There are 2 protein chains.
Amino acid sequence: MAKELDFLTKRSTDYSKWYNELVVKADLAEQSDVRGCMVIKPYGYAIWEKMQRVLDDMFKETGVQNAYFPLLIPKSFLSREAEHVEGFAKECAVVTHYRLKTNETHDGVVVDPAAKLEEELIIRPTSETIIWNTFKNWIHSYRDLPLLVNQWCNVMRWEMRTRLFLRTSEFLWQEGHTAHASREEAEARAQQMLKVYAKFAEEYMAVPVVQGVKSETERFAGALDTYTIEAMMQDGKALQSGTSHFLGQNFGKAFNVTFMDEQNQQQFAWATSWGVSTRLMGALIMTHSDDNGLVLPPALAPTQVVIIPIYKNDEQLAKVSEAVAPIVESLKKQGVSVKYDDADNKRPGFKFADYELKGVPVRLVLGARDLENGTVEVMRRDTLEKEVWPLEGIAEKIPALLQDIQANIFKKAKDYRDARIYECDDYEEFKSRVKDGGFFLCHWDGTAETEAKIKEDTQATIRCVPFGVEQTPGVDMVSGKPATCRVLIARSY
Amino acid sequence: MAKELDFLTKRSTDYSKWYNELVVKADLAEQSDVRGCMVIKPYGYAIWEKMQRVLDDMFKETGVQNAYFPLLIPKSFLSREAEHVEGFAKECAVVTHYRLKTNETHDGVVVDPAAKLEEELIIRPTSETIIWNTFKNWIHSYRDLPLLVNQWCNVMRWEMRTRLFLRTSEFLWQEGHTAHASREEAEARAQQMLKVYAKFAEEYMAVPVVQGVKSETERFAGALDTYTIEAMMQDGKALQSGTSHFLGQNFGKAFNVTFMDEQNQQQFAWATSWGVSTRLMGALIMTHSDDNGLVLPPALAPTQVVIIPIYKNDEQLAKVSEAVAPIVESLKKQGVSVKYDDADNKRPGFKFADYELKGVPVRLVLGARDLENGTVEVMRRDTLEKEVWPLEGIAEKIPALLQDIQANIFKKAKDYRDARIYECDDYEEFKSRVKDGGFFLCHWDGTAETEAKIKEDTQATIRCVPFGVEQTPGVDMVSGKPATCRVLIARSY
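Residues numbered from 1 in each chain as written. Chains lettered and ligands numbered in written order. Predicted model: local features only at pLDDT ≥ 70, side-chain atom pairs only at ≥ 80, totals over all residues. Heavy atoms only, no water.

## Structural notes on the overall build of chain A
When helices and strands are counted, chain A shows 14 helices and 27 strands. In chain A, the proportion of contacts linking residues at least 24 apart, taken out of those at least 6 apart, comes to 69%. As displayed, chain A has an accessible area near 20200 Å², and 47% of this comes from carbon and sulfur atoms. Across chain A, 61 positive and 73 negative side-chain charges occur, with their mean positions spaced 2 Å apart. (Helix = DSSP H or I, 4+ residues; strand = E, 2+ residues; numbered from the N terminus. Contact = heavy atoms within 4.5 Å. Areas by Shrake-Rupley, 256 points an atom, 1.4 Å probe, with all protein chains shown as cover. Lys, Arg positive; Asp, Glu negative; His and termini not counted. Charge placed at Lys NZ, Arg CZ, Asp CG, Glu CD.)

## A few points about the interface of chain B and chain A
Listed as interface residues are 68 residues of chain B and, on the opposing side, 68 residues of chain A. In this assembly, chain B packs against chain A so that about 5400 Å² is buried in total across both faces, 63% of it on carbon and sulfur atoms. When the area that chain B buries against chain A is broken down by residue, the three leading residues are Tyr68(B), Tyr98(B) and Leu100(B), summing to 12%. The interface formed by chain B and chain A contains four salt bridges. (Buried area = accessible area lost by both parts, 1.4 Å probe. Salt bridge = Lys/Arg side-chain N within 4 Å of Asp/Glu carboxyl O.)

## Things to note about the packing of helix α2 (residues 42-61) of chain A against helix α8 (residues 279-288) of chain A
Residue and element names in this part refer to chain A. One can describe the packing of α2 onto α8 by two numbers: an axis separation of 11 Å at closest approach and a directional angle of 110 degrees. With respect to their mutual orientation, α2 and α8 come out roughly perpendicular. In this structure, α2 contributes Gly44, Ile47, Trp48, Met51 and Leu55 to the contact, and α8 contributes Leu280, Met281 and Leu284. Considered class by class, the residues forming the contact of α2 with α8 number seven nonpolar, one polar and no charged. (Axes fitted to C-alpha atoms, helices over the stretch in contact; angles between N-to-C directions. Parallel < 35°, antiparallel > 145°, perpendicular 65-115°, else oblique. Nonpolar A, V, L, I, M, F, W, Y, C, P; charged D, E, K, R; others polar.)

## Quick look at the sheet that holds strand β18 (residues 338-340) of chain B
Strands pair in a sheet through their backbones, by hydrogen bonds, and they do so in one of two ways: parallel or antiparallel. Residues and elements named next belong to chain B. On the basis of which strands lie adjacent, the open sheet formed by five strands has the order β18-β17-β19-β20-β21 and mixed pairing. Among the strands making up the open sheet, the edge pair consists of β18 and β21 (386-390). The average angle at which neighbouring strand axes cross in this sheet is 25 degrees, direction not considered. When strand β20 (residues 375-380) meets β21, the two strands line up antiparallel, connected through five bridges. Looking across to β21, one finds that Met379 is bridged to Lys386. Against the sheet, helix α10 (residues 348-358) engages β17 (305-310), β18, β19 (362-367) and β20, with an angle of about 170 degrees to β17. Packing of helix α12 (residues 394-418) onto the sheet brings it into contact with β17, β19, β20 and β21, and relative to β20 it is tilted by some 15 degrees. (Pairing = 2+ DSSP bridges.)

## A word on the relation of the copies chain B and chain A
After a rotation of 180 degrees and a shift along the axis of 0.0 Å, chain B superposes on chain A with an RMSD of 0.0 Å. Within this description, the copies of the chain are treated as partners about a two-fold rotation axis. Measuring from the rotation axis to each C-alpha of chain B, the shortest distance belongs to Val95(B), at 2.1 Å. A share of 100% of the interface residues of chain B reappears at the interface of chain A, consistent with the copies meeting face to face through the same patch. (Least-squares fit on C-alpha atoms with pLDDT ≥ 70 in both.)

## Comments concerning the pattern of salt bridges
Residue and element names in this part refer to chain B. Across all of its chains, the model carries 59 salt bridges over all chains by this definition. Lys358 serves as the salt-bridge partner of Asp27, at 3.8 Å between the closest nitrogen and oxygen. With Asp27 in the loop between α1 (15-25) and β1 (29-31) and Lys358 in helix α10, this pair connects stretches of sequence that are 331 residues apart. By relative accessible area, Asp27 is classed as partly exposed at 29%. Look at Lys358 and you get buried, because its relative accessible area is 14%. (Buried < 20%, exposed > 50% of the residue type's maximum accessible area, 1.4 Å probe, protein only.)

## Some points on the packing of aromatic side chains
All names here are of chain B. For the coordinates displayed, the defined rule picks out 34 aromatic pairs over all chains. Pairing Phe77 with Phe255 gives two aromatic rings, centres 5.9 Å apart and planes at 65 degrees, and the pair type is edge-to-face. Of this pair, Phe77 sits in helix α3 (residues 75-78) while Phe255 sits in the loop between α7 (250-254) and β14 (258-260), placing them 178 residues apart in sequence. For the pair shown, Phe77 and Phe255 are each scored as buried. Taking the centre distance of 5.1 Å and the plane angle of 50 degrees together, the rings of Tyr422 and Phe440 count as tilted. Highlighted residues: Tyr422 in strand β22 (residues 421-423) and Phe440 in strand β23 (residues 439-444), separated in sequence by 18 residues. (Phe/Tyr/Trp six-rings, centres within 6.5 Å; stacked < 30°, edge-to-face > 60°.)

## A look at the nonpolar core
Ranked by size, the top nonpolar core spans 254 residues in total, and within it Ile123(A), Phe135(A), Phe430(A), Ile123(B), Phe135(B) and Phe430(B) carry the most contacts. Once you skip the residues sitting within four places of it in the chain, Phe430(A) turns out to touch Cys424(A), Phe440(A), Cys442(A), Ile454(A), Thr458(A), Ala460(A), Met477(A) and Ile489(A). Counting residues in each nonpolar core, the second largest holds 26 residues, with Val305(A), Leu364(A), Ile398(A) and Ile409(A) among its members. (Core = buried A, V, L, I, M, F, W, Y, C linked by side-chain atoms within 4.5 Å.)

## Re helix α14 (residues 448-458) of chain B
Side chains of residues three or four places apart in an α-helix project in the same direction, reflecting 3.6 residues per turn. Residue and element names in this part refer to chain B. Every buried residue of α14 is accounted for by Thr450, Glu451, Ile454 and Thr458. Seen along its axis, α14 keeps its buried residues to an arc of 100 degrees; they face one direction. Facing away from the buried surface of α14 by more than 90 degrees, the exposed residues are Glu449 and Glu456. Where α14 is buried, its residues meet α13 (427-434), β23, β24 (461-466) and β27 (485-490). The first or second residue beyond α14 is Gln459, which carries a positive phi of 70 degrees. (Arc of directions from axis to C-beta.)

## Thoughts on the side chain of Gln234(A)
All names here are of chain A. Considering the arrangement of structural elements, one finds Gln234 in the loop between β12 (225-232) and β13 (238-248). A distance of 2.6 Å separates the side chain of Gln234 from the side chain of Arg11, its partner in a polar contact. One polar contact links the side chain of Gln234 to the main-chain carbonyl oxygen of Thr287, over a distance of 3.2 Å. Filtering out sequence-adjacent residues up to four positions away, Gln234 remains in contact with Arg11, Tyr15, Trp18, Met286, Thr287, His288, Ser289 and Tyr416. (Polar contact = N/O pair within 3.5 Å; in protein donor to acceptor, adjacent residues only side chain to side chain.)

## As for the state of the cysteines
Residue and element names in this part refer to chain B. Under the criterion given, the structure shown has zero disulfides over all chains. A disulfide-free cysteine, Cys424 has its sulfur positioned 5.0 Å from the sulfur of Cys442, the nearest such atom. In this structure Cys424 comes out as buried when scored by relative accessible area, which is 1%. (Disulfide = S-S within 2.5 Å.)

## Focus: the environment of Ile489(A)
All names here are of chain A. Counting through the fold element by element, Ile489 comes out in strand β27 (residues 485-490). Owing to a relative accessible area of 2%, Ile489 belongs among the buried residues under this scheme. In this structure, Ile489 is in contact with Phe430, Gly438, Phe439, Phe440, Cys442, Ile454, Ala460, Thr461, Ile462, Arg463 and Met477, ignoring residues within four places of it in sequence.

## Let's talk about the side chain of Ser215(B)
Residues and elements named next belong to chain B. Following the sequence through the fold, Ser215 ends up in the loop between β11 (209-213) and β12 (225-232). Looking at Ser215, the relative accessible area reads 4%, which means it is buried. In terms of polar contacts, Ser215 uses its side chain to reach the side chain of Glu451, at 2.4 Å. Filtering out sequence-adjacent residues up to four positions away, Ser215 remains in contact with Trp444, Glu451 and Ile462.

Shown next, in the form of structure tokens:
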């Protein structure tokens, strides 16, 4: 459609460039002047807010409550859990001073050397340490458990190479942290939250995901098990979209969080943590969008329906507006978010292109001739198909159309992915094919050595041992050693 | 009521201690191990979430959209607006490095001196600078205006003396930032948002507020005018509960944000900013609560109604539960949040005290004898009055009772405050009375000298030039010079 969109690079030309341009041109986000930190623009944030609202309700239904913990973490806390510090202490923002003062030339400010902190503080890269340091005071008896807490916040990991939404130094996320009286209960909670993420990804984002468990190498620093959902982007690469960790008693021991069990024995508490971030925005954008711009699932689109009038004069506009008013009212009553765009400083062609770029799922166009004929032009963003429908009763048909679009984009994404999942038993074949993307199900001998060799040879990594795949023993394609299962291997974001 | 609450200091004994204890014992918040930073506990956060939801809807109704800007601000940005840097650069957290490394003894981490930032970054104390630096790219023409943006986020100001919710180094807030094509429109927006805050405080928090404009001394750093809402706590002190600033073209000029007006002339954009924070929690707690604990306005109470069964055996409990089920269902249908607490590991007396401490507005108690009589005991938290009501139709009467409580606690707070607003024309009288709290309406000559003297002599400050007070010229009580208006003076938090 239309010249106005020629500025967007085609996916087939350069998928990565297409993504970068789309994020900026659809007004979702932009780089800030602070290295690696993004500005989330109002349209992007409106989508994130919808995601937050749905996820938050899903968490609360499982008994989780929200809370808020400090942004800053004493440096020494990070060292308390041996693996955790290796994973997170390395690249993080360090606060060393608490005051600036006017410089000698009185034209700027400098750090006041007198205001040096005794112990440096770290901007949280994740909050296990500060939260378990707090849990110590909240947990005394098995009656205090389970403790199910979540926070929505910003975190910071100093990244050298950043991409909007996918990898930024600061990002927004939720991190759930739970404490339990038994190993079984904690493991079940970690798996339960993975299922919440998978349900959210598939039913709201319309993004099909593979659920599974990470290899030891790919585990969260300090976890005994990391569960993951992996989505496939249109270039066949994997995007890790959410993780849930079974942390065992590692943080209970590191922060001395104990409780009296029912037999009056002192025990260390068992832990989980789980999170999804603004990275989900990247998954959403890359899974569905096309060369015309965003394609948004109706369940998360800030505006689900846009109505555009076609008119030659004020009289015609007045007539169209009169016909549109009851449609808008009816849609709102049905819980559909709708915008009637009668702005007269933009041509219809510009509006068409702009709402396509923004991914509004349904567009209705109504002109003077339509009024005469009792018709309306309906365009669905997912297929770009236009149809002429009777004006009478149009509003009542919209919810079903939105549901159909939601189902269709999920099916389209799932068909695309399923056609690119391959069983592969030959390493040479694997090496030649993995460049072109796709998820490869391969036998693995379970060693870190094999994993490292695959990564070195191909940049691909073991994404997970997938759940729900029928497993047969076999031979590792790299080492030739026996393997008990197939793992999912792919190049990834 | 009951022994269980003897642990709470009485307001008359030590108001400040009462507040500190209440915040912790009602599970609202606690100090963290990070100096000056609090942990907001689930119950406290649930109240904050309700506040956020209402405010967010009110902002959006005025056309404001949410967005997100970076946590970190380059040091040099702060110096761009001369007054702003004086106000905010002084006590702030400074990030100087971006990496830790393992120490020589391999038992901890130290700051990696090689990872020193070229320019230090400041954790935002407020975001005018980074946001106006971004607006520069968003604003070109009058058609891009007004730009109405808000963000919900954490900010940090390094405070030496902190108190939970009232003054903490890190706090949560919203900050609205708007850009306009004219001075008039920006001033009107700043005033409009003050009215939104006043409406929220009075209609949802049930906290009566005085609206007014700050003296030059008390203005936000970089503002031409600061509007404020001031609430009176039960010790007669003022709590500044929200501010809205008309920033003129100061930030437009500092960050070179210009636009082409309708006459194709280049102009600097006009600005406002406005914010409320978790400090509102302090205002809410201190305005209504009593020696038994929290008193929450129904409009913001996470649980509005609690139902407690009285029983001697499982059979009786089963009967009570059977009678309670339709009440719970009916309340939920009416949008009332209700909890049926049939936990059998706590005595009814403990539950009574605990829900009083937590400020649940309405308590229903139902026992075997009530069932026989077809009655239920209804207690309202605001007055602690118990009444016996017919069980039949009880659920339908609850919404009106909640409304009555909401109106009653507002009236009570307003009567309390209004009885402590004094006109005063004599400085000796003022000095002797201001110690005991209260809002004093006094003539002021408009000079910073007089203002400073009052503060030095009494610790009281000019809270605002109040709106809606009939003003008559008079004589400044301190200097004896002519005064055009009365200002509101009080000691404050």
